[in-house]
Amino acid sequence: MSSSSNPDLWSDLSGFGSSESATPDMRAALLKVNAEMFAAAPARDRESIETFEMLMLGSLPRADAATLLDLVRILAPCSDAPNSVLEYLARHSPEARSVLQHRDAHLSSDVSRRQLATPVERVQLAARPDLDPATIRKLLVLGEEIVEERLAANPAVLPDTAPFQELLRRARHRSALARIFLDRSDLPADEAASLYLAAGPERRATIREHLSALLAERRLSLSCSLTEEDIAELLRASRKGDVERLETLLTAFFCFPAPTEWRVLEIGRHRLLALALKALGLDRTNAIRIFLSLHPALSYPLSVIRELARDVRDIPAPVALALVEAILGVRALSRDHRG
């Protein structure tokens, strides 16, 4: 309900019940005009609504069926239309009952439109369990992070829909959004692999176990292997701190499309470098050399480099390869062979 700046807006109705000189056509015209004024008003306070309700109920018994139908069409989309007036119209016009059956849908659409207009309302709207696909798309197109996080947690955004997949794509670049997805019980295991870098230790172990089981009956063959010169190139790039060169080499060795966005030095993505080196078959000693020389953030504190080295040592190469492809959203080097 809104606040009204003109409480006397519908005072013209005051003479309807007592005027004997007014013809039926005049009464019908005045009823419709005042209903239109009420529905179109930018604001309505409680007094205005109650006045409109009283005067309408006093005038409706003298209206014919056609006028009742016109009135319900005018008032049905109006959220402040008095229920007593709508109930009267429904009782006395079968056609009006049909119009009112769709009233909730109209009001829901009107409410959604208003909520889409402001940041605070959009956040609230994104958390509603009854969101429809059209509204979800209208929320996603704005690219608001807090709205995306509400949508990612909302069960109304189903895993087999385009909005879910779009949010997953964005989550690969945003740890906070990824963690929300990882908390969902309906996140497909294959999709969880793409969010591996944002997962905690226990969830990472679960993802690796799933991939191991998935690959158990398959044989992955690498279309190329690192030569001594390839390894020397990686070491030279890391000694120079040339991450762009190192990532270009990785893209070439994996036969990934160019450019592939590795971003291995970004905070939260260091583990991707360890996975890539293991997937390429690089030995642990050379992998540690790369971690020590490429950037100080990869080797300090000591626990950081220990964890990266542990990944190179413990994660099977096929699992590391599957994780690299899932995280980057590309698939070029691996080939599945059913046993």
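What counts and how
Residues numbered from 1 in each chain as written. Predicted model: local features only at pLDDT ≥ 70, side-chain atom pairs only at ≥ 80, totals over all residues. Heavy atoms only, no water. Axes fitted to C-alpha atoms, helices over the stretch in contact; angles between N-to-C directions. Helix = DSSP H or I, 4+ residues; strand = E, 2+ residues; numbered from the N terminus. Parallel < 35°, antiparallel > 145°, perpendicular 65-115°, else oblique. Left-handed = near helix turned anticlockwise from the far one by under 90°. Contact = heavy atoms within 4.5 Å. Nonpolar A, V, L, I, M, F, W, Y, C, P; charged D, E, K, R; others polar. Core = buried A, V, L, I, M, F, W, Y, C linked by side-chain atoms within 4.5 Å. Buried < 20%, exposed > 50% of the residue type's maximum accessible area, 1.4 Å probe, protein only. pLDDT = per-residue confidence, 0-100. Salt bridge = Lys/Arg side-chain N within 4 Å of Asp/Glu carboxyl O. Phe/Tyr/Trp six-rings, centres within 6.5 Å; stacked < 30°, edge-to-face > 60°.

## Re the packing of helix H16 (residues 270-279) against helix H17 (residues 284-294)
Thought 1: Packing of H16 against H17 brings their axes to within 10 Å, and their N-to-C directions diverge by 150 degrees. Taken together, the axes of H16 and H17 are roughly antiparallel relative to one another. Of the two elements, H16 crosses H17, and the hand of that crossing is right-handed. The residues of H17 that touch H16, namely those facing Leu 273, Ala 274 and Leu 277, are Ala 287, Ile 290, Phe 291 and Leu 294.
Thought 2: Partitioned by chemical class, the residues of the contact of H16 with H17 number seven nonpolar, no polar and no charged.

## Considerations on the nonpolar core
Grouped burial of nonpolar side chains is what soluble globular proteins tend to show.
Thought 1: Judged by nonpolar contacts, the single largest core of 73 residues is most densely connected at Phe 181, Trp 262, Leu 273 and Phe 291.
Thought 2: Considering each element in turn, this core owes the most residues, nine residues, to helix H19 (residues 317-328).
Thought 3: Apart from residues lying up to four places away in sequence, Leu 273 is in contact with Leu 246, Leu 250, Val 264, Ile 290, Phe 291, Leu 294 and Leu 298.

## Some thoughts on the confidence of the model for the protein
Thought 1: Taken as a whole, the protein shows an average pLDDT of 85; of its residues, 85% reach a score of 70 or greater.
Thought 2: Per-residue pLDDT stays below 50 along residues 1-5; that stretch engages in 16 contacts with residues further than four places along the chain or on separate chains.

## Let's talk about the environment of Glu 145
Thought 1: With respect to the element layout, Glu 145 can be found in helix H9 (residues 145-153).
Thought 2: For the pair Glu 145 and Ala 176, spaced 31 residues apart in sequence, the C-alpha separation works out to 9.5 Å.

## Considerations on the pattern of salt bridges
Thought 1: Within the structure shown, the criterion is met by 18 salt bridges.
Thought 2: A salt bridge links Asp 70 to Lys 32; its shortest N-O distance comes to 3.3 Å. Remark: Lys 32 occurs in helix H1 (residues 24-40) and Asp 70 occurs in helix H3 (residues 65-75); sequence separation between them is 38 residues.
Thought 3: The partly exposed category is assigned to Lys 32, whose relative accessible area is 25%.
Thought 4: For Glu 148, the salt bridge identified is with Arg 170, shortest N-O distance 2.3 Å. Of the two residues, Glu 148 is situated in helix H9 and Arg 170 in helix H10 (residues 162-171); the sequence distance between them amounts to 22 residues.
Thought 5: Residues joined in a network through salt bridges with shared partners are Glu 148, Glu 149, Glu 166, Arg 169, Arg 170 and Arg 174.

## Here's the deal with unusual backbone geometry
Thought 1: Cis geometry marks the peptide bond from Ala 258 to Pro 259; its omega dihedral reads -5 degrees.
Thought 2: Residue placement: Pro 259 occurs in the loop between helix H15 (243-254) and H16.
Thought 3: A cis geometry characterises the amide bond from Tyr 300 onward to Pro 301, with omega recorded as -5 degrees.
Thought 4: With respect to the helices and strands, Pro 301 occurs in the loop between H17 and helix H18 (302-314).
Thought 5: One non-glycine residue, Cys 255, lies in the positive phi region at around 60 degrees.
Thought 6: With respect to the helices, strands and loops of the structure, Cys 255 is situated in the loop between H15 and H16.
Thought 7: For Arg 263, which is not glycine, the phi torsion reads 50 degrees and is therefore positive.
Thought 8: When its relative accessible area of 19% is taken as the criterion, Arg 263 is described as buried.

## Digging into the packing of aromatic side chains
Thought 1: Tallied over the full model, the rule gives five aromatic pairs.
Thought 2: Aromatic pair Phe 164 and Phe 181: ring centres 5.1 Å apart, planes at 80 degrees, arrangement edge-to-face. With Phe 164 in helix H10 and Phe 181 in helix H11 (residues 175-182), this residue pair connects regions lying 17 residues apart in the sequence.
Thought 3: The exposure class assigned to Phe 164 is buried, which follows from its relative accessible area of 0%.
Thought 4: According to the relative accessible area criterion, Phe 181 is buried, its value standing at 0%.
Thought 5: Ring pairs connect the aromatic residues Phe 254, Phe 256 and Trp 262, which therefore count as one cluster.

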